[in-house]
Structures are given as structure tokens and as C-alpha cells.
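Descriptive analysis of the structure
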Protein chains: 2
Amino acid sequence: MFKANPDYLQLRGSYLFSNIAKKVAAYKEAHPDTPIIRLGIGDVTQPLSKSVIAALQKAVEEQAHAETFRGYTPDLGYDFLREAISRVDFGRRGVSISPDEIFISDGAKSDSGNIQEIFSKDCRVAVCDPVYPVYVDTNVMAGRAGEYDEKTGTWSNIIYMPCLAENDFAPQLPTEIPDIIYLCFPNNPTGATVSKEQLQKWVDFANEHKAVIIYDAAYEAYITEDDIPHSIYECDGAKTCSIEIRSFSKNAGFTGVRLGYTVVPKELKDASGVSMRDLWARRHGTKFNGAPYIQQRAGEAVYSDQGQKEIRELVSYYMENARMIREGLTAAGFTCSGGVNSPYIWLKTPDGMTSWEFFDYLLEKGHVVGTPGSGFGPSGEGYFRLTAFGSHENTKAAIERFKHLN
Amino acid sequence: MFKANPDYLQLRGSYLFSNIAKKVAAYKEAHPDTPIIRLGIGDVTQPLSKSVIAALQKAVEEQAHAETFRGYTPDLGYDFLREAISRVDFGRRGVSISPDEIFISDGAKSDSGNIQEIFSKDCRVAVCDPVYPVYVDTNVMAGRAGEYDEKTGTWSNIIYMPCLAENDFAPQLPTEIPDIIYLCFPNNPTGATVSKEQLQKWVDFANEHKAVIIYDAAYEAYITEDDIPHSIYECDGAKTCSIEIRSFSKNAGFTGVRLGYTVVPKELKDASGVSMRDLWARRHGTKFNGAPYIQQRAGEAVYSDQGQKEIRELVSYYMENARMIREGLTAAGFTCSGGVNSPYIWLKTPDGMTSWEFFDYLLEKGHVVGTPGSGFGPSGEGYFRLTAFGSHENTKAAIERFKHLN
């Protein structure tokens, strides 16, 4: 008699963004003529750049002819892409990451969800609070989270690291010692960052306690200030304690293209000397069949000089939105942070409203969709995430609506 | 202190096809001027069809303009593709599968590896022997396989269903009762099929014992004979006991494009009434971010009238290879089966050679690469898999080499 996975049955409600989609759909049905502006989900709106389109077109054409047709891709990714990543994303920042430590995937969400699988079920997990829900949910699905406490909205076996206003929304080193630490900088959802010196403390902490850091650097292209590390491997000793996850979604607009990668250094070994790189390679080879060839060519195009110029332009476009939101909302009397090294603005809800109360209020009065902070964890209550991924026009219009909410 | 997943450490050796790749690479290095013909891995060689290329080009062009740009895809797949699948793959065979029971993915390998995750760890698994290694390996990684016995090459907690010559390489109903039954027809690696009447017995057996069948129908397009079911849902009662996995790799040549889908009917519930469809939807929404937009448009093109005509031509091309191999090898004195409703030919190794002995012999003497049957399980020992996915020219040349092996 087959049985469902009992750990799956522990999951709470459904995924945050599905809930938002349902609420928005219901509102649209009731108000079909009201134009809604979406600054909720972190999806990009600008088209793919010229270099990327040209690479896609060329790769599609290759697939039309037997002489240039490519079938199964290498499990771990094509060398042309892994070498470009090694050279540009790491080499240019003075970091040495070998192509065979780089694993190409269909996106950072898959990787950040699947990476926990190579670790033992009894590993204790620490997450920022608020946090990208995938880190927590996938550990619940793996049976690592313990019991859910409805009152506090927390799991008994997860260590929460609150990211509060008094620490500029950056987490503090936990007092309980975790085995796996999820960090994301620039942070989703708060938009906070840490300096290289601060990140070094996390690396030292992890090495001291033989913990592993899962470092989600999906938003590194949005860093504008100096002394903010783009990769955790800029810190000394990070290779013995860190896995880094990267995305093409936010720098190159690949949310619908689907491409990402994960770095697992050869030096990363558990206490018994097991190579985590080899385990991840085994997972890739067994449960994945490589990212598509044409997508990998599109990824390669991002690393050409012209491609790099184009993604800087794309990021600047969105960062201008971030500036407009941050300054516009501040001028309108709201309290907000983020948006300087990040496409996310973290807004304190006005008048003591809960996050979902403000969601409903903003949808009803301003017809603007954002993301309730409490959806990211208990310390997100009373906050609200806005994204800079809209068009300039919509972003401006949304700010005007914020100004005239009452 | 972080620890590696101990279940991963139980895995034996490395993946079959990686081993073959290593042996071939070593041979090529030693004999750089010897042209090798590959009939080993089941990768296609013919280019994508015109309709598919046109759809890819159009979708790429859409991604170049803000008005038509598409970002994140729906977790479960675009309606346009799910509706086409529902209408053509099922509706035309008189089977009613709703679009919301169809989950678009990046390929059948991912799905067949991940599907076990929605079931309890204590479910007992049954597999054909020989079998596609992914079914077994992913259950080892999940801790369901028990202990490995080096002598027999089997796992203590897995039920093996031998597929032997006396039963035309089809499995018999197991005497031990499993919770999860993996079936693949047309079979990889033996090329065997079952009639609708025979498959109905499996469905009845599963319903009787409340087991679930994971039905891998990746090769259904290769069925040429009547009375061979293309979908398990052609059998009465299959919706309460079956999940079906489909691929675009072998019918439309998408091995490098990456697209597949899985059907989980709403009627499929465990003993406590848990909807397995809802669990799979939750997994998709949490650990996956949708198949790429342009790939889904390519998939849609396969279902147009012209697209259907083109895939029939592609399949015919490979099936002509299958006929040549089957007839050529039989004429040359070999014993083989398969290749009638399947792109695989299952060859009995000559002179009592083991599968790997024959692999080495064939590579050394004929410079042809095939797949050792023992790599698929203990009952594959003494057999060898050849694929029909080469070009006509290479296939003819390989047959000639077989004829002059001595």
C-alpha cells in the first residue's frame, strides 16, 4: 500500500506567491477594469539583450542541421560556459574557481531547493528571518524542520536569525550552532547587504564550527557600493565551508529562459572527508539531464564584452526604479530600506498594519501588488517588499498611487 | 558539524553511461585515428524538425521585445502546451486527462528521478531487471533500497522482476507485494512491449494491492503494432493507481532541448486520501521554476498537424535503423529481440561473453560502442543494448563491422 511522504504533509499552506496570485486574480475578477501594477513577485519585465538574442538565434539554427545538432548536454554543463563563468564571475574578482567546481543548472530556485539533499537529514539548519521561503520549505520536505508552532510561525528544529531594523536587517551570528547556514546577500527580501569584513566573520564562524554556508548570490549584479563582496569566495577560507548559488535571472533577465549555476569547491568536505562536490555531481548526473544547449549558449553570450555591457545597462535600468521607489516613498512619509545594492525595497507598513492588511489595503486603494513581509518569516511581519523590476512608467505610476493612498 | 547524506554514500560506482564515456575516451586517446560508431547511449542524431525550429525562432523573437517578453513560466507549465498534450496524446486515443493533471518539466529523467520523493520512505519498490538505472539509484539516494549485495548485484529492499528470454523480456507479476512499481514500455533497455491485456493485469494488480505504478512511456512513439497501449490510462482503473512519464526526447529529438511531462491523475490518492497530484504540484512549485518559455512553444509545435507528421517521419527514420540492425545482426548469426516497437535492440552476447567483455571486444575489434546489459541489472548479464538513434550511414557501417568481428 503506497503512502504519501509524511514530511510533505507537514508543509504549511501553499507557496507565498501562489497565495498572492490567487488574491490578485480574485480582485481582478471583481474589478476587471482596474489596471493593477505589480511590484510583487521578483520577475523582470525588460526583454533579453541583443547579444543574448543573437546567441539564442544562432544556437537554434545549429539545432536545425545534422552537422551542428547537439543532443544530450554534459550533465554538469558545457565547458564553454563553465570556463566563461570561471574567468569572468570569479577570475576578474581575483577568485580562483575551477570550471569543474561549477555546475550549470536550470536556475537558482532548483539549486537552492535541491542542494540540501546532499546533506544528512539530521543536519541542523539556520536561516535568516525573513527569508526566501524555498530554503525552509525544502528542509521541511526533507524532514529536517521538526514541529511547526502555529503561534510563533516557526519550526522547532530550525534556527532563526532575525534580521531587524536595529542591525540594518542583517543577521547576527547565531548562539545555537547550526550545521547548515543559508545566507543571501544582497538579501531577498530585505535588500540588505554585508561588508566583506562582516561576511568574513560568517566564514570564520562556519569554519570554526565545521558548518556549511549555502550562499545565495542571485542578486550580486545589483551591488553598487565598494567593499560589498560579490562572491563569498572573496573571503579567506570560504572554499572549505561554502557553496555559492548564482542566477542569470536577475542580471540578464533569464527568469523565463531558466539558467543558473552552483559552485561546490573541491575543498568542501564533511568531517569524514566526503567531497560534497562529488555528491552534487552525482545528484546532477542522476536526477538532472543538463541545462538546454541553446540556453547555455545564451549564458555564454552574457560573458562577452558586449554582453557584460548590456547586463550593466539592464541592471541600471532596474536600479533607477529602485532609486525612484526608495526616494519617492521616503518623500511620501514611508520608512524604507534596501534598493541601494539590491532591486528590493523593504517598506515598514504604516499605522501598525500587519503585512497582509497592508497588502489588501494597497491592492484595494492603490491597485498596486507587493509582497507581504510576513510571508518570508515572522520577523517580516509589519514589513512589505517592493521590487524594482517593473518598467519606469509603471514604477512612477505606482509611486504616485502610494502618495495618494488615503 | 555538517555531514554528507549517508544514503548517497550507499550508491555503487558511478552512473553506467559515465563509465562507458570513460572507456571510450581512453580508447580514443590510445587510437586517435580509429573512427568509432556510437550505438550506446540513447541520444538522437537527427536535427530538430522544421515546425519546431520555426516555433523556437518565433519564441526567441518574442523574448527580444518588451511587449511580447515572457518572464517566469507557470510552475506547472503553460496552458497552451498542457491543452495540446491533453488533446493529442490522450484525447486522440480516447483517454481523458485534464490539463491540470499534466505537469511540464525539463525532461523525463528529472521526473523519473524526482517522482519517488512524494512517497513515504518506507514504501517498497519493485523494478524490472534489467532496468533504467535512474529508478534504482534515486531510491538508493532516498534510503529506500536497503543493503547492497555485491555477489548478486541487488539491493535487499528492492523487489526485482526479471525480464527473461522465456517471457519475451517482459516482467511477471511479483510474488512479494510492492508499494511502488516502476514499469517502462516500450522497454528500455530490452525493447520489449506488453499488450493492452497484459498491461491491464498490472493495473488490476496495483489497484488490488493499493500499489502505485510509475509508468515510463518515453518510447511510446516507437510503437508500430496494434494492441500495444501507448498510455497506461488506456487500461480501466489506471487513474487510481498510475503516474505516467513522457518525454519529447525520443519522438521529437529534444534530448538537448529538454522537455518532458508527467501525468498525476486527481484520482490517485494514498490510503489516507492524500492527493498525489497535489503533492507533485507542491514539489514543482517549491523545487522547480517551470520549463523555459521557448521550449514550451517548441513542444506545442510538435502537436500541430505538421509537427505530428514530422515526428512520424523522424521516428520512421530511426525505426528503419532498428530494422536494419535487427535483420542484419540476425543474418550475421546473432540472437536479438526488440526493435519492432522500440528503438532498442537487445542482443545476446556471443560465445558466453559477459556484457562488459563484449563491450570491450566490440570496441576493440569493431570500434562500435554499445551498452552492456549488466549495467541495467543482474538479469541483463550476457546481453547488450544497441540503439537505432544513429544515422543510416553509421548504422549500416556498424552492421558491417558486426559481420566481420572475427
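The paragraphs below set out a description of the structure included in this document. (Residues numbered from 1 in each chain as written. Chains lettered and ligands numbered in written order. Predicted model: local features only at pLDDT ≥ 70, side-chain atom pairs only at ≥ 80, totals over all residues. Heavy atoms only, no water.)

All right, on to the interface of chain B and chain A then. Contacts between the two partners involve 83 residues from chain B, matched on the other side by 83 residues from chain A. Carbon and sulfur atoms make up 59% of the surface buried where chain B meets chain A, a total of about 6,700 Å² over both sides. Looking at the side of chain B facing chain A, the largest losses of area belong to F2, Y72 and R282 of chain B, adding up to 14% of the total buried there. Applying the counting rule to chain B against chain A returns 5 salt bridges. Of all the secondary-structure elements, those providing two or more residues to the side of chain B that touches chain A are α2 (50-62), α4 (108-114), α5 (133-141), α7 (276-287) and α8 (293-302) of chain B. Counting residues per element, the side of chain B that touches chain A draws most heavily on α7 of chain B, which supplies 7 residues. In terms of residue class, the side of chain B that touches chain A is made up of 37 nonpolar, 26 polar and 20 charged. (Contact = heavy atoms within 4.5 Å. Buried area = accessible area lost by both parts, 1.4 Å probe. Salt bridge = Lys/Arg side-chain N within 4 Å of Asp/Glu carboxyl O. Helix = DSSP H or I, 4+ residues; strand = E, 2+ residues; numbered from the N terminus. Nonpolar A, V, L, I, M, F, W, Y, C, P; charged D, E, K, R; others polar.)

All right, on to helix α3 (residues 79-90) of chain B then. All names here are of chain B. Between its terminal C-alpha atoms α3 stretches 16 Å, which fits the 16 Å expected from 12 residues at 1.5 Å a residue. Most of α3 is tucked away: 9 of the 12 residues are buried. Buried residues along α3 sit against β2 (102-105), β9 (242-247), β10 (260-263), α8 and α9 (305-331). (Expected span 1.5 Å × (residues − 1). Buried < 20%, exposed > 50% of the residue type's maximum accessible area, 1.4 Å probe, protein only.)

Moving on, we come to the sheet that holds strand β14 (residues 371-372) of chain A. Residue and element names in this part refer to chain A. The 4 strands lie next to each other as β11-β12-β15-β14, forming an open sheet whose pairing is antiparallel. Of all the strands in the sheet, the pair left with one neighbour each is β11 (335-338) and β14. When strand β12 (residues 344-348) meets strand β15 (residues 383-387), the two strands line up antiparallel, connected through 5 bridges. Looking at β15, one finds that W346 is bridged to R385. (Pairing = 2+ DSSP bridges.)

With that settled, the discussion passes to the sheet that holds strand β7 (residues 180-184) of chain A. For sheets, the rule is that strands pair by backbone hydrogen bonds, running either parallel or antiparallel. Residue and element names in this part refer to chain A. Pairing in this open sheet of 7 strands is mixed, and the strands run β2-β10-β9-β8-β7-β3-β6 from one edge to the other. If you trace the sheet from one side to the other, it starts and ends with β2 (102-105) and β6 (158-162), each paired once. For this sheet, the mean inter-axis angle between neighbouring strands, taken without regard to orientation, is 20°. By the bridge criterion, 5 bridges tie strand β3 (residues 125-129) to β6 in an arrangement that is parallel. Across the sheet, the residue bridging to V125 is I158, located in β6. Those strands touched by helix α3 (residues 79-90) are β2, β9 (242-247) and β10 (260-263), and its axis lies near 115° from that of β2. (Axes fitted to C-alpha atoms, helices over the stretch in contact; angles between N-to-C directions.)

Moving on, we get to the nonpolar core. Residues L183, F254 and F402 of chain A together with L183, F254 and F402 of chain B are the most contacted members of the largest nonpolar core, which totals 202 residues. Among all residues touching F402 of chain A, those that are not within four sequence positions of it are L329, F334, L347, F358, L362, V368 and L386 of chain A. Core analysis: the second largest hydrophobic core is formed by 74 residues, L11 of chain A together with F2, V127 and I243 of chain B among them. (Core = buried A, V, L, I, M, F, W, Y, C linked by side-chain atoms within 4.5 Å.)

A few words on empty space enclosed by the protein. Taken as a whole and assessed by the stated rule, the structure comprises 6 cavities of 30 Å³ or more. Of all the elements in the fold, those that place two or more residues in the lining of the largest cavity are α4 (108-114) and α7 (276-287) of chain A together with α4 and α7 of chain B. A per-class count over the lining of the largest cavity returns 4 nonpolar, 8 polar and 8 charged. (1 Å grid on protein atoms, 1.4 Å probe; cavity = no way out; pocket = protein on both sides within 12 Å on 5 of 7 lines; lining within 4 Å. Points joined across faces, edges and corners; volume = space filled by probe spheres on them.)

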